[in-house]
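Take a look at the letters that make up each chain.
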Amino acid sequence: MDELLCKINDDSGFMVLIAIAIVILLFVVLMVVTSSMRIKSYKDRFINIQIDNQEKDALISSLQEELKALQIKNAKNEQELQRFAETKKILEETESKLERLQTTSAALEKLQAETRSELDHTSTTLAKLTEEHRTIREKFEALQEDNNKLHVNNARLLMKLESEARFATEMGKKQNSGDA
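This structure is a prediction, so every number in the text was calculated from the model and none was measured. (Residues numbered from 1 in each chain as written. Predicted model: local features only at pLDDT ≥ 70, side-chain atom pairs only at ≥ 80, totals over all residues. Heavy atoms only, no water.)

Within the protein chain, the secondary structure is distributed over two helices and zero strands. In terms of overall dimensions, the protein chain has C-alpha extents of about 235 × 25 × 20 Å along its principal axes. By element, 62% of the accessible surface of the protein chain is carried by carbon and sulfur atoms, the whole surface being about 16900 Å². (Helix = DSSP H or I, 4+ residues; strand = E, 2+ residues; numbered from the N terminus. Areas by Shrake-Rupley, 256 points an atom, 1.4 Å probe, with all protein chains shown as cover.)

Right, dumping it as structure tokens:
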């Protein structure tokens, strides 16, 4: 090896050649180290990307499940919203009917109050007229009795008058026959 070193020292072309070989060797070693570092870096990156992809796949799966759950929930909410709209429409119709019924009820209550007032007035008038009718009936019955008594008296008097008139006519005939 000493000989080789001496020979290298003496020969400058050989030295340049050795220097170039060392540089090439260093370049190759540098390239191998750089490549191995890149390979290690790419390998680490690949493993990290695989882990990220697995996490992302799991996340995508969970998000898809959540999306399906949300779509189902959304469909239910849309149905509820539709039912709510129908219920709202029914409520509006019911409120409208209620308002009409309240208006009708108020009018009927007013009519009932007026009718009750008229009924009270009519009842009072009926009571007065019934009392007046009873009084007039009593008077009528008394007058009827008086009328019957007077009728009977008139009939008696008439019969008496007729019998007196007959008696007077007979007497007049007797007197006329006696005068003649």
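A surface patch of negative charge is lined by E92, E93, E95 and E99. By secondary structure assignment, the location of E93 is in helix α2 (residues 12–179). (Patch = residues over 30% accessible without salt bridge, like charges linked within 9 Å, V, L, I, M, F, W, Y side chains within 5 Å. Salt bridge = Lys/Arg side-chain N within 4 Å of Asp/Glu carboxyl O. Lys, Arg positive; Asp, Glu negative; His and termini not counted. Charge placed at Lys NZ, Arg CZ, Asp CG, Glu CD.)

All chains considered together, the criterion is met by three salt bridges. For K40, the salt bridge identified is with D44, shortest N-O distance 3.5 Å. Pair noted here: K40 and D44 are both in helix α2, with a separation of four residues, about one helical turn. For K40, a relative accessible area of 53% gives the class exposed. Residue R134 is joined to E131 by a salt bridge in which the shortest nitrogen-to-oxygen separation is 2.2 Å. (Buried < 20%, exposed > 50% of the residue type's maximum accessible area, 1.4 Å probe, protein only.)

The grouping of V16, I20, I24, F27, V28, M31 and V32 at the surface amounts to a nonpolar patch, some 630 Å² of accessible area in total. As for its placement among the helices and strands, V28 is situated in helix α2.

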